[in-house]
Amino acid sequence: MAKINAHYNKLGAGYLFPEVARRTRLFSAANPDATIYKLGIGNTTMPLTPAVIHGLKKGVENLADLKTYTGYGDEQGNSRLRKAIVDMYSKEHGVSIEEDEVFVSDGAKPDSANISSIFSADAIIALQDPAYPVYVDSNVIAGRTGSANGVTYDGIVYMPCTERNGFFPDIPTRKADLIYLCSPNNPTGAVATKEQLKAFIEFAIKNRAVIIFDAAYWSYIKDPKLPRSIYEVEGAKECAIEINSFSKSSGFTGVRLGWSIVPKALVAEDAAPGKITSLWNRRQTTMFNGASNIAQEGGIAALSDTGLAENQKIIDYYMENARIIHKCLVEKGFEVFGGVNAPYLWVKTKDSMKSWDFFDKMLKEAHVVITPGSGFGPSGEGYFRVSAFGIRENVLNAVQSIRDNLK
Ligand SMILES: *Cc1c(COP(=O)(O)O)cnc(C)c1O
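This structure is a prediction, so every number in the text was calculated from the model and none was measured.

### What to know about the overall build of the chain
Link 1 in the chain: In terms of helices and strands, the chain carries 13 helices and 15 strands.
Link 2 in the chain: Projected onto its principal axes, the C-alpha positions of the chain cover 60 × 55 × 50 Å.
Link 3 in the chain: Taking all 407 residues of the chain together, 53% fall into the buried category.
Link 4 in the chain: A sequence separation of at least 24 residues applies to 74% of the contacts in the chain between residues at least 6 apart.
Link 5 in the chain: For the chain, the exposed surface amounts to about 18,200 Å²; the carbon and sulfur share of it is 54%.

In structure tokens form, the structure reads like this:
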């Protein structure tokens, strides 16, 4: 008799975004004349740039000709793309990575869910609270946690990110083996400083822990003092895996392309240098058949000088949205965090209103959809997330409606 993986029964049923959609639908049905403005979802809206489209088309055209057709490629990725990634690390971040430490993938979300499979089933997980939900859920499914206990799971080390610590956590005070860090952070928009990363790196090296560093929003960092890659900080190659994506930097949310860096210097309690890189290689060659060859041509184009310059303009466009939203919310008397080196604003509700109550108020009064902070973890209670990934007209309309209608 087949039995299901009962760990799935522990999951909080993907409560956040379906519940946002449900409440929005109910409101629309009751108020059919109301125009709803969405500032909720972390999805890109701007079309791909000419250089990227050119690359994608080349990828398609290659497939039309016997001489250039390719079937399965290397599971680790197209060697030209891996080289382009290595060059970008060295040129833009002064970090030297070797090509066989780069693993091209179909995105940062799958990688951040899959990476823990190469670590022990009893590894203790530490997470930023609030956090991108996949880090928690993938480890619940893998059986690394106990049952859900209200809004948290037993067995996970939650690292609160609050106003007190500038929304970047202090190092764990308990044993932690796998530490997930996301900077710039979704949902808080906070970016770790070099000193903050250094403290985690020192903790990890001392305890033979491994940091899973999600850098999906690195292109949004404007401040040159802030590290974009964790490898800008000394010691990181011994203790950190970096996960990245073309989704937010180049609009590949629907195209699907990302990469992970698994350095050969990385060690764990029972893994000498090189071992973890070869495990991830084994995992990928066994369970993954490589990213789309069309998408990879698009990725190579996105990392060309023209591609990078074109995408910078789109990032600037989204960050102008962030500035517009920031200004409006501050004028309305809100305390606003993030939104400067990240496309998310993290906003405190007034009078300690609960996140979901504020969601309802914003929808009812201003017809604007935001994301309740409590959906990202217990420390998100009393906050809401606003996304800057909109088209300008929609952002301006949303902001006007907040100005005019939010009481
Ligand atoms: C959007 C996002 C990603 C990107 O995931 P892809 O699978 O590459 O589209 C990764 N991490 C975080 C925190 C994100 O918000």
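### Some details on the site of the ligand
Link 1 in the chain: Residues in close proximity to the ligand total 15 residues, the closest being Y217, S245, S247, K248 and R256.
Link 2 in the chain: With respect to the ligand, the backbone of A108 contributes an N or O atom lying 2.7 Å from an oxygen atom.
Link 3 in the chain: When the free accessible area of the ligand is taken as 380 Å², the share hidden by the protein chains comes to 94%.
Link 4 in the chain: Among the secondary structure elements, those contributing two or more residues to the shell around the ligand are α4 (108–114) and α8 (247–250).
Link 5 in the chain: If you tally residues by element for the shell around the ligand, the top one is α4, at three residues.

### Thoughts on the pattern of salt bridges
Link 1 in the chain: One pass over the structure, following the stated rule, counts 19 salt bridges.
Link 2 in the chain: Salt-bridge contacts for E98 lead to K264; the nearest nitrogen and oxygen are separated by 2.8 Å. Taken together, the positions of E98 in the loop between α3 (79–93) and β2 (102–105) and K264 in the loop between β10 (258–261) and α9 (275–287) put the pair 166 residues apart, joining distant regions of the chain.
Link 3 in the chain: According to the relative accessible area criterion, E98 is partly exposed, its value standing at 46%.
Link 4 in the chain: Between K225 and D223 there is a salt bridge whose closest N-O contact spans 3.8 Å.
Link 5 in the chain: Owing to a relative accessible area of 27%, D223 belongs among the partly exposed residues under this scheme.
Link 6 in the chain: One salt-bridge network, in which partners are shared between bridges, spans E19, R22, R23 and D360.

### Remarks on the domain arrangement of the chain
Link 1 in the chain: Entries for the chain in the domain assignment read domain 1 (6–47 + 307–405) and domain 2 (52–304).
Link 2 in the chain: Of the residues lining the interface, 35 residues belong to domain 1; the matching set on domain 2 comes to 46 residues.
Link 3 in the chain: For the pair domain 1 and domain 2, the interface holds one salt bridge.
Link 4 in the chain: Of the charged contacts, one joins E163 and K348 as a salt bridge, the two residues approaching to 2.7 Å between their closest N and O atoms.
Link 5 in the chain: There are 14 residue pairs in polar contact (both at pLDDT 80 or more) connecting domain 1 and domain 2.
Link 6 in the chain: Put simply, the parts of the chain that give the side of domain 1 that touches domain 2 at least two residues each are α11 (305–331), β11 (335–338), β12 (344–348) and β15 (383–387).
Link 7 in the chain: Taken together, the residues of the side of domain 1 that touches domain 2 break down into 16 nonpolar, 14 polar and five charged.

### Topic: the side chain of R283
Link 1 in the chain: With respect to the helices and strands, the residue R283 is situated in helix α9.
Link 2 in the chain: The side chain of R283 is buried and forms no salt bridge, while D111, the nearest opposite charge, is found at 6.4 Å.
Link 3 in the chain: Within the structure, R283 has its side chain in polar contact with the side chain of Q284 (distance 2.8 Å).
Link 4 in the chain: In contact with R283, not counting residues within four places along its chain, are N114, S117, I118 and F288.

### What about the packing of aromatic side chains?
Each aromatic ring pair is characterised by the separation of its centres together with the angle its planes make.
Link 1 in the chain: Under the counting rule described, the total for this entry stands at 23 aromatic pairs.
Link 2 in the chain: Residues F334 and F384 carry aromatic rings whose centres are separated by 5.8 Å and whose planes lie at 85° to one another, so their mutual orientation is edge-to-face. Here F384 lies in strand β15 and F334 lies in the loop between α11 and β11, a separation of 50 residues in the sequence.
Link 3 in the chain: The class for F384 is buried, based on a relative accessible area of 0%.
Link 4 in the chain: Against the face of Y317 rests R392, its NZ or CZ located 4.4 Å from the ring centre.

### Details of the sheet that holds β2
Link 1 in the chain: Taking strand neighbours across the sheet as the criterion, the seven strands line up as β2-β10-β9-β8-β7-β3-β6 in an open arrangement whose pairing is mixed. Looking at strand neighbours, the two that pair on one side only are β2 and β6 (157–160), the edges of this open sheet. The sheet shows a mean angle of 20° between the axes of neighbouring strands, direction not considered.
Link 2 in the chain: Strand direction decides the pairing type here: strand β3 (residues 125–129) and β6, joined by four bridges, are parallel. What sits directly across from D129, in β6, is P160.
Link 3 in the chain: Contacts between α3 and the sheet are confined to β2, β9 (240–245) and β10, with β2 contributing the most and set at about 120° to the helix.

### A few points about the packing of helix α2 (residues 50–62) against helix α10 (residues 293–302)
Link 1 in the chain: At a minimum axis distance of 7 Å, the contact between α2 and α10 shows a crossing angle of 145°. Note that α2 runs across α10; the crossing there is right-handed. Here A51, V52, G55, L56, K58, G59, V60 and N62 of α2 come into contact with α10, specifically with I294, A295, E297, G298, A301 and A302.
Link 2 in the chain: Its residues assigned to classes, the contact of α2 with α10 shows eight nonpolar, four polar and two charged.

### Regarding the sheet that holds β15
Link 1 in the chain: If you trace the four strands from one edge of the open sheet to the other, you get β11-β12-β15-β14, paired in antiparallel fashion. Taken across any chain shown, the strands that pair with only one partner, and hence form the sheet edges, are β11 and β14 (371–372).

### Concerning the pairing of β11
Link 1 in the chain: Pairing geometry for β11 and β12, over four bridges, is antiparallel. Pairing of G338 across the sheet is with L345, part of β12.
Link 2 in the chain: If you look at the hairpin formed by β11 and β12, you'll find five residues sitting between the two strands, and G339 has a positive phi there, around 75°.

Cut-off values and rules
- Residues numbered from 1 in each chain as written.
- Predicted model: local features only at pLDDT ≥ 70, side-chain atom pairs only at ≥ 80, totals over all residues.
- Heavy atoms only, no water.
- Helix = DSSP H or I, 4+ residues; strand = E, 2+ residues; numbered from the N terminus.
- Buried < 20%, exposed > 50% of the residue type's maximum accessible area, 1.4 Å probe, protein only.
- Contact = heavy atoms within 4.5 Å.
- Areas by Shrake-Rupley, 256 points an atom, 1.4 Å probe, with all protein chains shown as cover.
- Near = heavy atom within 4 Å.
- Polar contact = N/O pair within 3.5 Å; in protein donor to acceptor, adjacent residues only side chain to side chain.
- Salt bridge = Lys/Arg side-chain N within 4 Å of Asp/Glu carboxyl O.
- Domains from an automatic or database assignment.
- Nonpolar A, V, L, I, M, F, W, Y, C, P; charged D, E, K, R; others polar.
- Lys, Arg positive; Asp, Glu negative; His and termini not counted.
- Phe/Tyr/Trp six-rings, centres within 6.5 Å; stacked < 30°, edge-to-face > 60°.
- Lys NZ or Arg CZ within 6 Å of the ring centre and 35° of its normal.
- Pairing = 2+ DSSP bridges.
- Axes fitted to C-alpha atoms, helices over the stretch in contact; angles between N-to-C directions.
- Left-handed = near helix turned anticlockwise from the far one by under 90°.

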